[in-house]
Amino acid sequence: MRDVVIIGSGCAGNTAAVYSARANLKPLVIKGHEPGGQLSLTTLVENFPGFPEGINGPDLVENIKKQAENFGAEYREGAVEEADLSKRPFRLKIDGEWLETRTLIVASGAKARWLGLPNEQKLIGHGVSSCATCDGFFYRDKKIMVIGGGDSAMEEANFLTRFGKEVMVVHRREQFRASKIMMDRARNNPKVKFVTSTLVEDVYDTGKGLVTGVRLRNVATNKVWDEEVDGFFVAIGHIPNTAVFRGQLETDPDGYILSKGGARTNIVGVFHAGDVQDRVYRQAVTAAGMGCMAAMEAERFLEAEGH
Ligand SMILES: Cc1cc2nc3c(=O)[nH]c(=O)nc-3n(C[C@H](O)[C@H](O)[C@H](O)COP(=O)(O)OP(=O)(O)OC[C@H]3O[C@@H](n4cnc5c(N)ncnc54)[C@H](O)[C@@H]3O)c2cc1C
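Below: a short report on this structure. All figures in this text were calculated on a predicted structure; none of them were measured in a lab. (Residues numbered from 1 in each chain as written. Predicted model: local features only at pLDDT ≥ 70, side-chain atom pairs only at ≥ 80, totals over all residues. Heavy atoms only, no water.)

### Quick notes on the packing of aromatic side chains
Using the following cut-off: Between the rings of Phe, Tyr and Trp (Trp by its six-membered ring), a pair exists once the centres lie within 6.5 Å; its type follows the angle of the planes, with under 30 degrees stacked, over 60 edge-to-face, and the other angles tilted. Under the scheme used here, helices are H or I runs from DSSP no shorter than 4 residues and strands are E runs no shorter than 2 residues, and both carry numbers assigned from the N terminus. Relative accessibility thresholds used throughout: buried, under 20% of the residue-type maximum; exposed, over 50%; partly exposed, between the two (1.4 Å probe, protein chains only).
The full count for this structure, using the stated rule, is six aromatic pairs. Centre to centre, the rings of Tyr139 and Phe233 are 5.6 Å apart; their planes meet at 85 degrees, and the pair counts as edge-to-face. In this pair, Tyr139 is assigned in the loop between helix H3 (132-135) and strand S11 (143-147) and Phe233 in strand S17 (residues 231-234), connecting sequence segments 94 residues apart. The class of Tyr139 is buried, set by a relative accessible area of 10%. Among the residues examined, Phe233 registers a relative accessible area of 0% and is labelled buried.

### Here we look at the state of the cysteines
Simply put, disulfide is the name for a covalent bond between the sulfur atoms of two cysteines. As a reminder, the rule being used: Defined by distance alone, a disulfide is two cysteine sulfur atoms within 2.5 Å.
One pass over the full model with this rule turns up one disulfide. Cysteine Cys11 remains unbridged, with the sulfur of Cys134 as its closest cysteine sulfur at 11 Å. Looking at Cys292, it has no disulfide partner, and the nearest cysteine sulfur is the one in Cys11, 13 Å off. A residue is classified by how much of its surface remains accessible, and Cys292, at 16% relative accessible area, is buried.

### Digging into helix H6 (residues 284-304)
We count it as follows: Helices are assigned an expected span. That span is 1.5 Å times one less than the residue count. In this description, contact between two residues means that some pair of their heavy atoms is separated by no more than 4.5 Å.
Its 21 residues place the ends of H6 30 Å apart at the C-alpha level, agreeing with the 30 Å of an ideal helix rising 1.5 Å per residue. The set of residues buried in H6 consists of Ala284, Ala287, Ala288, Met290, Gly291, Cys292, Ala294, Ala295, Glu297, Ala298, Phe301 and Leu302. Those residues of H6 that are buried lie in contact with strand S1 (2-7), helix H1 (11-22), strand S8 (97-106) and strand S19 (270-272). Among the residues trailing H6, Gly306 stands out with phi positive, at a value near 85 degrees.

### A few points about the packing of H1 against H6
Using the following cut-off: Each axis is a line fitted through C-alpha atoms, and for a helix only the stretch in contact is used; angles between axes span 0 to 180 degrees, taken between their N-to-C directions. Small angles under 35 degrees read as roughly parallel and large ones over 145 as roughly antiparallel, with 65 to 115 read as roughly perpendicular and the rest as oblique. For a crossing to be left-handed, the near helix must be turned anticlockwise from the far one by less than a right angle; the clockwise case is right-handed. As a working rule, the residues Ala, Val, Leu, Ile, Met, Phe, Trp, Tyr, Cys and Pro are called nonpolar, Asp, Glu, Lys and Arg charged, and the rest polar, with Gly in that last group.
At a minimum axis distance of 7 Å, the contact between H1 and H6 shows a crossing angle of 40 degrees. By the angle between their axes, H1 is oblique relative to H6. Our pair here, H1 against H6, has a crossing hand that is right-handed. Residue-level contacts link Cys11, Ala12, Thr15, Ala16, Tyr19 and Ser20 of H1 to Ala284, Ala287, Ala288, Gly291, Cys292, Ala295 and Met296 of H6. For the contact of H1 with H6, a count of residues per class yields 10 nonpolar, three polar and no charged.

### Regarding the environment of Trp114
Counting through the fold element by element, Trp114 comes out in the loop between strand S9 (110-112) and strand S10 (128-129). On the basis of relative accessible area, Trp114 is assigned to the partly exposed category, the value being 21%. Linking Trp114 and Phe233, residues 119 residues apart in sequence, is a C-alpha distance of 9.8 Å. Excluding anything up to four places from it in sequence, Trp114 contacts Glu120, Gln121, Ile124, Val128, Ser129, Ser130, Val234 and Ile236.

### Re unusual backbone geometry
Cis rather than trans, the peptide bond between Arg88 and Pro89 has omega equal to -5 degrees. Along the chain, the position of Pro89 falls in the loop between strand S6 (80-84) and strand S7 (90-94). Its identity is not glycine, yet Lys26 carries a phi of approximately 45 degrees, on the positive side. Inspection of the secondary structure puts Lys26 in the loop between H1 and strand S2 (28-30).

### A short note on the packing of helix H4 (residues 151-160) against helix H5 (residues 180-187)
For the pair H4 and H5, interaxial distance at closest approach is 9 Å and the crossing angle is 30 degrees. Viewed along their axes, H4 and H5 adopt a mutual orientation that is roughly parallel. Read as a crossing pair, H4 and H5 show a hand that is left-handed. Touching Asp151, Met154, Glu155 and Asn158 of H4 are Met182, Met183, Arg185 and Ala186, all from H5. By residue class, the composition of the contact of H4 with H5 is four nonpolar, one polar and three charged.

### Describing the sheet that holds S17
Defined as follows: Strands were regarded as paired on the criterion that DSSP finds at least two bridges between them.
Read across the open sheet, the five strands follow the order S10-S17-S11-S12-S13; overall the sheet is parallel. If you trace the sheet from one side to the other, it starts and ends with S10 and strand S13 (192-195), each paired once. Note that S11 and S17 share four bridges and pair parallel. Bridging from a neighbouring strand, Met145 pairs with Phe232 of S17. The strands that H4 touches are S11, strand S12 (166-170), S13 and S17; relative to S11, the one it contacts most, it runs at about 170 degrees.

Structural data, given as structure tokens:
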């Protein structure tokens, strides 16, 4: 029987592990299929406080993990395949084996949706991004492309005009899903250009190890052409990793956990941390902050229950 099990080894899970380990709760962290989480996909992180020169994403999460291990946190390979949260202790199935815990911190994050282009994954962190707040700063006076037609694409495009000399929004349909206010803002921004009814066929150049351009295809005319760009931002949404809790944890229609205040979920003793609940900020520092909140709530809950 565990006091605290943490699902996920990204910024949120690792920070929850630091706090609960320092509270002497010997947390067990289930790493999941993406150890280190989203930051393990990226290169330089320049906006995590405390690193004036920036720090590589994988080093940052690894450091937080080591910090947690120094205080007694344990890490386990594997992913939660099934969860029974109907009563306490909660039960989790990992690699066919069930384990029990008095409290649970769900820090299973979210996955950015990608387009599935042949070279897209190879260029993540080298010009391909899913986060303007994170990476916009690297594209001062550069040509930037944003893919998507919803509010987040317009928000990213507007934000990126602070840096880029031109921001081209490419959308596969003629009509945009974005709200009128977000569309108007983008349309009134002289740096934003729109290319509609157009698909991206691929992004280049893996040989150079950075983005230099993309190939586009107009779906109405079938015209194919290359466009030079330096930054390629995919803004077509995220998928929160909550499938194993379906029907137990309350989520919004997109699958993000609904918070019941602080780090609390609808199930007493189950807490949330990081991007799995956050569709707004989605930053390493906010995920870490929520990891701290969840660990403190778990500790107080256990204390109140007499453990
Ligand atoms: C390319 C890229 C660049 C970024 N750059 C920056 C940046 O410069 N600055 C910044 O602040 N933010 C950046 N971000 C955003 C930042 O990475 C996220 O906000 C942060 O990682 C969220 O942390 P998290 O712990 O909530 O979730 P995640 O990092 O998504 O981690 C989720 C964890 O849960 C695990 N998991 C999932 N399902 C299960 C399961 N069933 N069982 C067990 N484990 C499971 C996964 O294996 C993973 O370890 C970037 C994101 C990306 C994709």
